[in-house]
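# Results of the structural survey
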Amino acid sequence: MEKKLINQLEFGIRTSFINREITSDPFLRPQLISNDYKQGKKMLTALTEELSKCDEFYISVAFISMGGITPLLLVLKELEQRGVKGKILTTDYLTFSDPKALEKLNAFKNLEIKMYLSNNDKEGFHTKGYIFKNQEQNALRIIIGSSNITLNALTINKEWNTKIVSNNHGEYAVTILDEFHKLWNSSQAKPFDEFFDDYEKKYWMVQDQKALVRTSKLPRLDNYKLEPNTMQVQFTQSIQKLVQENERKALLISATGTGKTFASAFAIRDLNPKRMLFLVHREQIARQARESYQRVFGDHIGMGLISGSSKDTQSPFIFSTMQMMAKREIHSMFHPNEFDVIVIDEVHRAGSTSYQTIMDYFKPRFYLGMTASPERMDGFDIYQMFDHNIAHEIRLQEALEEDLLCPFHYFGITEFQEAEAQINYEFRDFLDLDQDKRVQYIIDKLEYFGFSGDRVKGLIFCSTKEDATALSDQLNKKGYQTLALTGNDSQEDRLDAIERLTGDAGENHLDYIITVDIFNEGVDIPEINQVVMLRPTQSPIIFVQQLGRGLRKYQDKEYVVIIDFIGNYNNNYLIPMALFGDRSYNKDNVRRFIREGNKVIPGSSSIHFDEITKKRIYETIDSANFSESKIIKQAYQQLKFKLGRIPTLMDFEEHGSIDVLRIFENKTYRSYYGFLIKCETEYHERLDSVQINMLEFISQKLASGKRIHELIVLKSILEGISDPMHFLEDQLVSKYSLPYTNNTERNVMNYLSGEFFAGTGKDTFKQSIFLQKNSITGRIEISDQMETALKSDEFRRLAQELIDYGFFRNQMEYSNYYKNTPLNLYAKYTYEDVCRILEWEKAEVAQNIGGYKFDRETKTFPVFINYLKENDIADSINYEDRFLSTDSLIALSKSRRTIDSNDVKTLLTADQLGVRVELFVRKNKDDKASKEFYYLGRIHATGQTESIIMPNTNQNAVEIYYQLGTPVREDLYEYIVN
C-alpha cells in the first residue's frame, strides 16, 4: 500500500510541477486552493472534505470566528461521533478570535483547544496550517496558506493555500508535525481552562472600546445619504427607459431581501409623480413601505396610510392595503386618473378579485408590480398583466453574487423519527409524535447550530396551527420564550410579537415566533438570525419565501442559520432545486447540488445535508418522474406567460426553465410537437405520421447532443447538400478533429436508415429513415421519406429547431472529448448510446451485453457496472464489482468463466491487442427513467486476477483488477461508492 502511494505521489508531483498533461490522481497531487465559486473552488469545501476523511487532525490558525466555525458544525459532529481526535491551536494575538467560537469547539469531546499567548502583541502569530492524518494511506494531507477559520477567509476572500500529500516519512511531513508540536507543547500554549476566562474578559473589553470609538465620532452628513445598491440602480435606469418608450406598465422580479421597496422609491423619485399609490396586502407591510419611502424622499412629501385604523386620503403619497382600496366607498373617493404611479407589492397576488377591482378602476400613467416569485399555480398570467415588460429580474443566486443578501448557512438534517429509528414514514403532524423527545431533539439542534449575534431572534415554520401552538407550549416549558402566531391573530398582536422578538424587551422578549403561513412573504424583519423549517417542502416558491425571511442584512448579523428538519417525504428533492434556483428538473443537476453545493454557491453562504438526509434525497431523485405531464405543463405555462408567445426550444434554456429533454421523455408527448398539439390551443399545425415519427426520433435520439455526427448529416440535408456523408467527413476532420473511417460511415448510415436498432427500438422508429443508398451509384443520399417530409414548411422548421438545439447541447455538454474518442468523461450514456458512439454496426440489447461486450470490428470493449445491485438480483449475476480507490477497480467476469475463457483473455491482453476497454458505471438501477451510466474513461487490466465461485452457486467467475487511465473525480467517486 505504501509503495503504491509513493508511486502515485510521484506522478502527482510530475503533473503539478513538470507537465500538467501527465495523468495522476487529483486527490494526491499538490493543488492551489483559492476561493472562486464559478470554478467550483472554496477553501471551505477543501477543509470539509479533508476533515471528513481523516483519522486525526491538527490545526494552527491565528484567528477563529463563529462565522468560520458554523459551516463546519455538521462535519465536526460527525467526527465526534466517529471518535476522530483533533488538536486546534490559536492565539490571543490582536484579540481577534471569538470566545463563543472557542467555547463551541471546546465542547466537542474529541477536540483539544489551546491558545498561544503572544506576549502582549509584541510577538506576532500568523500560522495558517491544517494537517490531516490518514492511517490507511500512511500519509499526511496538509493545507498551508493564508486562510484563517473565518467566514470570508473560507469562502470569498482572495486567499492562496497549497494542499499537498506526503508520506509520513517525508521531510515536509516530519518537519511540519515537529513545528506544530513545538508550538503546542510550548509554555506559551495554554489549555482551554487556563486561558479562556482571562481571554474572554480581554476580548469583550476590546469590543466595548471599539464600540465606544464608533459611537463617539461626530456623525457626518454622508451617513444620512441613502445610496441605491446595484440592483436598484439598474432597475431605476430600466424604468426610465420604459417610460421614455411610452410603456405604461412594468414588473420587478427581485429576490426577497434585495430591497424591492427601496428600488421602487428610487425609481419613483426620478419619475417625480404628483401623487402615488402603494398597494400591499397587510397593514404592517404598508407601514414599513411608508418608512422606506420617507428615508428616500425625506419629510417634504406627505405620506398617508389607508387601512383599517387609518384613512388619510389627502397626502400626495398613499400607502394602502388592498382590502381597503378594493372597497367601492374607498376607491371611489379618488378619480380614476388621480395617481400618476401605482405600485403593487407582492403582485403575484394580483389575480384576486380585489386587486382586479382596483386595477380596473384606476388608470395611472404608470403601473409597477413587484414580486420575488411571479410563478403562480392557478394559471393566472402576471406577466401579461404588465405587458411582459420585465424592468429587472434578480433571483436568489444572482442576489448572492451581488452581495445583496445576508449569507446563510443551511443545514438539512434528519427529522426526529428518522434519526431515532431510521425507518420510512410520511411526514406526520407534531401532535402525533412523542412530543417531549421530539422537542428535546429540536432544541439540541437549535442550540448546536446556533445563530449570529448576542441572542437568538428566530422564526419557526410549522405545518399546521395546531403544530405551532403545541410546539410553542412545549418550548416555553423548556425555558424558551416563544409565541405561536397564525392568520387568526390581529395586526396588533403581530406587531407586538415582532417588537418583542427584535427589540430590547427585557424579560418580555421572544426567542422565537412560531407560525404557519403569515410570514412567508412581505413582512420585513431584518434582525432574524435563525430560521427553522418544521414542515415538508411542497413548493420551491414557498421554501425560498421562508428562507428569505432571514436574508435581509442587518448590523451585527454576519450570517443567518437555516435549520431544515427533513423527513422521508416524496418530493424532498425540491430542496436542492430551490436552494440553487434550478428549474430544469434535470436529475444530474439536482444530484450535483447535493454533492458539490458548497463549491458553487455564490458568496459566503454554505449548504449542508447530513448523511441520512443525503441518502433519502438521492433515493427520491432516483424514484421521481421528472417527465410527468404536470411538471412539464406548469413549466411551459410559466415560460409562455413570461414571453407572451409560444416558446422555442432555446427559450427554455435561455430562461432557465425545464430541460426540454423531459418533454421528449414523456411517453404521451415524445416531442415538442407532440406536446404542442396536445396542450397548446394556439398551435394549429398538423403533420403526417412519418413526419411525427421523424421528429420523435430526432427529439429522443439526437437532440441531447451526445454525438455530433447525425446532427451534421441532418443539417446538410436541410441545407440541400447532395452528398451528406462527404460533408460529414469534411466537418468531422476539419472542424471537430474527429476521425472518419469505414466504421464511422457504416454506423451513421445504419443509424439514420433504421438498420442499427435492436429489440423494441427497431419497430418504434421504423418510419424514421433519413438516408438511403442509391441503387445505381451506391452513394448514400437523402431518403425518399425525408425528401417528402421536407415539403412541409412546418416540419422543416421544427426539424431545424431540433437540430440547432442538438448542436447547442453538444457544444455545452459533450464537446470535451476524452483521449481521441467521441466520449466525454463523466457524461452519462445508455447501452444504445455506447454502441452508437463506439461505431458498432448494430446495437445490442442490454441482456446480450450482460456487463461487457467485445466488438471485433471496432476493437472496443465497453464494461458496464451497476455498482449497487438490486436486493433480489440472482446470485449467478450478483457480481461484487468494487472500487479499491479512485484509480483502481475490481470487476468480475461473466459467470461460468475461467482465466482461459476468451473474453477474460481479451480483457487481460487488451493493451497488447490494441483493444479499447472503456468503463461505464451507474450507482444503481433505481433511476428507471434514464438507464444511463457515467463514463469513467479507459481502464487497463493489471494482470492480477482471482478465480472465485459465485455466492450461493457452483458457477465460476474471475475477479479482474483494473487500473483507471484517469482517477475518478473525487465528488463523483464518493457519490458512487457511498
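Residues numbered from 1 in each chain as written. Predicted model: local features only at pLDDT ≥ 70, side-chain atom pairs only at ≥ 80, totals over all residues. Heavy atoms only, no water.

## Concerning the overall build of the protein
A count of helices and strands for the protein gives 40 helices and 31 strands. Here the protein has a C-alpha radius of gyration of 32 Å; the compact-globule value for 978 residues is 30 Å, and the two agree. With the C-alpha coordinates aligned to their principal axes, the bounding extent of the protein is approximately 90 × 80 × 55 Å. Counting the 978 residues in the protein, one finds 58% classified as buried. In the protein, the share of contacts with a sequence separation of at least 24, taken over all contacts with a separation of at least 6, comes to 74%. Of the roughly 42,200 Å² of accessible surface on the protein, 47% is carried by carbon and sulfur atoms. Placing the 121 positive and 140 negative side-chain charges of the protein at their respective mean positions leaves the two points 2 Å apart. (Helix = DSSP H or I, 4+ residues; strand = E, 2+ residues; numbered from the N terminus. Rg over C-alpha atoms; globule rule 2.2 N^0.38 Å. Buried < 20%, exposed > 50% of the residue type's maximum accessible area, 1.4 Å probe, protein only. Contact = heavy atoms within 4.5 Å. Areas by Shrake-Rupley, 256 points an atom, 1.4 Å probe, with all protein chains shown as cover. Lys, Arg positive; Asp, Glu negative; His and termini not counted. Charge placed at Lys NZ, Arg CZ, Asp CG, Glu CD.)

## Looking at the pairing of strand 14 (residues 366-371)
In terms of burial, strand 14 is largely enclosed, as six of its six residues are buried. The alternating pattern of strand 14 places Phe366, Leu368 and Met370 and Tyr367, Gly369 and Thr371 on opposite faces, both of which are buried. Of the strand pairs in this sheet, strand 13 (residues 341-344) and strand 14 are connected by four bridges, and their pairing is parallel. Bridge assignment links valine 341 to a residue of strand 14, and that residue is phenylalanine 366. Chirality of the crossover, the property in question, places the unit of strand 13, helix 14 (residues 353-361) and strand 14 among those that are right-handed. (Pairing = 2+ DSSP bridges. Right-handed = clockwise from strand over helix to strand, strands pointing away.)

## Looking at the packing of helix 30 (residues 709-718) against helix 32 (residues 742-753)
Remark: helix 30 packs on helix 32, axes separated minimally by 10 Å, with the N-to-C direction vectors making an angle of 70 degrees. Taken together, helix 30 and helix 32 sit at an angle that is classed as roughly perpendicular. Helix 32 is crossed by helix 30, and the crossing has right-handed handedness. Contacts between helix 30 and helix 32 pair His709, Glu710 and Val713 from the former with Thr744, Val748, Tyr751 and Leu752 from the latter. Its residues assigned to classes, the contact of helix 30 with helix 32 comprises four nonpolar, two polar and one charged. (Axes fitted to C-alpha atoms, helices over the stretch in contact; angles between N-to-C directions. Parallel < 35°, antiparallel > 145°, perpendicular 65-115°, else oblique. Left-handed = near helix turned anticlockwise from the far one by under 90°. Nonpolar A, V, L, I, M, F, W, Y, C, P; charged D, E, K, R; others polar.)

## Considering the pairing of strand 17 (residues 458-462)
Within a regular beta strand, the side chains point alternately toward one face of the sheet and then the other, so they alternate between its two faces. The element strand 17 is extensively covered by neighbouring structure, given that five of its five residues are classed as buried. Here strand 17 shows no split at all, with Gly458, Ile460 and Cys462 on one side and Leu459 and Phe461 on the other all buried. Summarising the sheet, strand 17 and strand 20 (residues 530-534) pair through five bridges and their orientation is parallel. Following the sheet pairing, phenylalanine 461 is matched in strand 20 by methionine 533. Pairing of strand 17 with strand 19 (residues 512-515) involves four bridges; the strand directions are parallel. Residue pairing for strand 19: glycine 458 is matched across the bridge by tyrosine 512.

## Description of the confidence of the model for the protein
Taken over all residues, the pLDDT of the protein has a mean of 91, while the share at 70 or more is 94%. In this model, residues 217-224 is a region of pLDDT below 50 whose contacts with residues beyond four sequence positions or in other chains number one contact. Overall, residues 421-428 carries pLDDT values under 50, and its contacts beyond four positions in sequence, including any with other chains, amount to 27 contacts. (pLDDT = per-residue confidence, 0-100.)

## A closer look at the sheet that holds strand 19
Each strand in a sheet pairs with its neighbour through backbone hydrogen bonds, running either in the same direction (parallel) or in the opposite one (antiparallel). Read across the sheet, seven strands follow the order 18-19-17-20-21-16-22 without closing on themselves; strand pairing throughout is parallel. Every interior strand has two partners, whereas the edge strands, strand 18 (482-485) and strand 22 (606-609), have only one. Here the average twist between neighbouring strands, direction ignored, is 15 degrees. Summarising the sheet, strand 16 (residues 408-414) and strand 21 (residues 560-566) pair through seven bridges and their orientation is parallel. Bridge pairing links phenylalanine 408 to valine 560 in strand 21. Lying on the sheet, helix 20 (residues 491-502) is in contact with strand 17, strand 18 and strand 19; it crosses strand 18 at an angle near 150 degrees.

## Notes on the packing of aromatic side chains
This model, assessed by the stated rule, comprises 54 aromatic pairs. An angle of 10 degrees between the planes, with centres 4.5 Å apart, marks the rings of phenylalanine 580 and phenylalanine 593 as stacked. Residue phenylalanine 580 is found in the loop between helix 22 (574-579) and helix 23 (587-600), and its partner phenylalanine 593 is found in helix 23; the two are separated by 13 residues along the sequence. Each member of the pair, phenylalanine 580 as well as phenylalanine 593, carries the same accessibility label: buried. Ring pairing ties together the aromatic residues Tyr814, Tyr818, Tyr829, Tyr831, Phe864, Phe920, Phe933 and Tyr935, which thus form one cluster. (Phe/Tyr/Trp six-rings, centres within 6.5 Å; stacked < 30°, edge-to-face > 60°.)

## Concerning the nonpolar core
Tyr293, Phe319, Phe408, Tyr410, Leu579, Phe883 and Leu936 are the most contacted members of the largest nonpolar core, which totals 190 residues. Leaving out residues up to four positions away in the same chain, tyrosine 410 has contacts with Phe543, Ile562, Asp564, Ile566, Ile575, Leu579, Ser606, Ile607, His608 and Phe609. (Core = buried A, V, L, I, M, F, W, Y, C linked by side-chain atoms within 4.5 Å.)

## Considering helix 30
Owing to its 3.6 residues per turn, the α-helix brings residues three or four apart onto one side. Burial analysis of helix 30 places nine of its ten residues in the buried class, which makes it a mostly covered element. The positive-phi residue at the C-terminal boundary of helix 30 is glycine 720, with phi of around 80 degrees.

## A short note on a nonpolar patch on the surface
Taken together, Ile13, Phe17 and Ile18 make up a surface patch of nonpolar side chains, about 360 Å² in accessible area. By the secondary structure assignment, phenylalanine 17 is in helix 1 (residues 2-17). Phenylalanine 17 gets classed as exposed once you look at its relative accessible area, which sits at 59%. (Patch = residues over 30% accessible without salt bridge, like charges linked within 9 Å, V, L, I, M, F, W, Y side chains within 5 Å. Salt bridge = Lys/Arg side-chain N within 4 Å of Asp/Glu carboxyl O.)

## Focus on unusual backbone geometry
With a phi close to 55 degrees, asparagine 272 is a non-glycine residue in the positive phi region. Counting through the fold element by element, asparagine 272 comes out in the loop between helix 10 (260-271) and strand 10 (276-280).

## Brief notes about the pattern of salt bridges
One pass over the structure, following the stated rule, counts 47 salt bridges. The partner of lysine 87 in a salt bridge is glutamate 112, with the nearest N and O atoms 3.6 Å apart. Of this pair, lysine 87 sits in strand 3 (residues 85-91) while glutamate 112 sits in strand 4 (residues 111-116), and the two are 25 residues apart along the sequence. Residue classification places glutamate 112 among the partly exposed positions, given a relative accessible area of 41%. Here glutamate 710 makes a salt bridge to arginine 836, at a shortest N to O gap of 2.9 Å. Taken together, the residues span a long stretch of sequence, with glutamate 710 in helix 30 and arginine 836 in helix 36 (residues 831-837) at a distance of 126 residues. By relative accessible area, which is 1% here, arginine 836 ends up buried.

## Concerning the side chain of threonine 502
In this fold, threonine 502 is placed in helix 20. At 2.8 Å, the side chain of threonine 502 and the backbone oxygen of isoleucine 498 are in polar contact. If near-sequence neighbours (up to four positions away) are discounted, threonine 502 is found in contact with Arg455, Lys457, Ile525 and Glu527. (Polar contact = N/O pair within 3.5 Å; in protein donor to acceptor, adjacent residues only side chain to side chain.)

## Comments concerning the environment of arginine 295
Structurally, arginine 295 can be placed in helix 11 (residues 283-297). Between the C-alpha atoms of arginine 295 and lysine 678, which are 383 residues apart in sequence, the distance is 53 Å.

## Quick look at the environment of isoleucine 849
With respect to the secondary-structure elements, isoleucine 849 resides in helix 37 (residues 846-849). The buried category is assigned to isoleucine 849, whose relative accessible area is 0%. Separated by 15 residues in the primary sequence, isoleucine 849 and phenylalanine 864 have C-alpha atoms spaced 8.5 Å apart. Setting aside anything within four residues of it in sequence, one finds isoleucine 849 in contact with Tyr831, Cys835, Glu844, Phe864 and Lys894.

## Topic: helix 19 (residues 465-477)
Between the first and last C-alpha of helix 19 there are 19 Å, a value that for 13 residues agrees with the 18 Å anticipated at 1.5 Å per step. Residues of helix 19 that are buried: Asp467, Ala468, Ala470, Leu471, Ser472, Gln474 and Leu475. If you follow the buried residues of helix 19, they end up packed against helix 18 (435-449), strand 17, strand 18, strand 19 and strand 20. (Expected span 1.5 Å × (residues − 1).)

## A few points about the sheet that holds strand 12 (residues 317-321)
Across the sheet, seven strands lie side by side as 11-12-10-13-14-9-15; this open sheet has parallel pairing. Each edge of the open sheet carries a strand with a single partner, namely strand 11 (303-306) and strand 15 (390-394). For this sheet, the mean inter-axis angle between neighbouring strands, taken without regard to orientation, is 15 degrees. Bridge count between strand 10 and strand 12: five bridges; the pairing is parallel.

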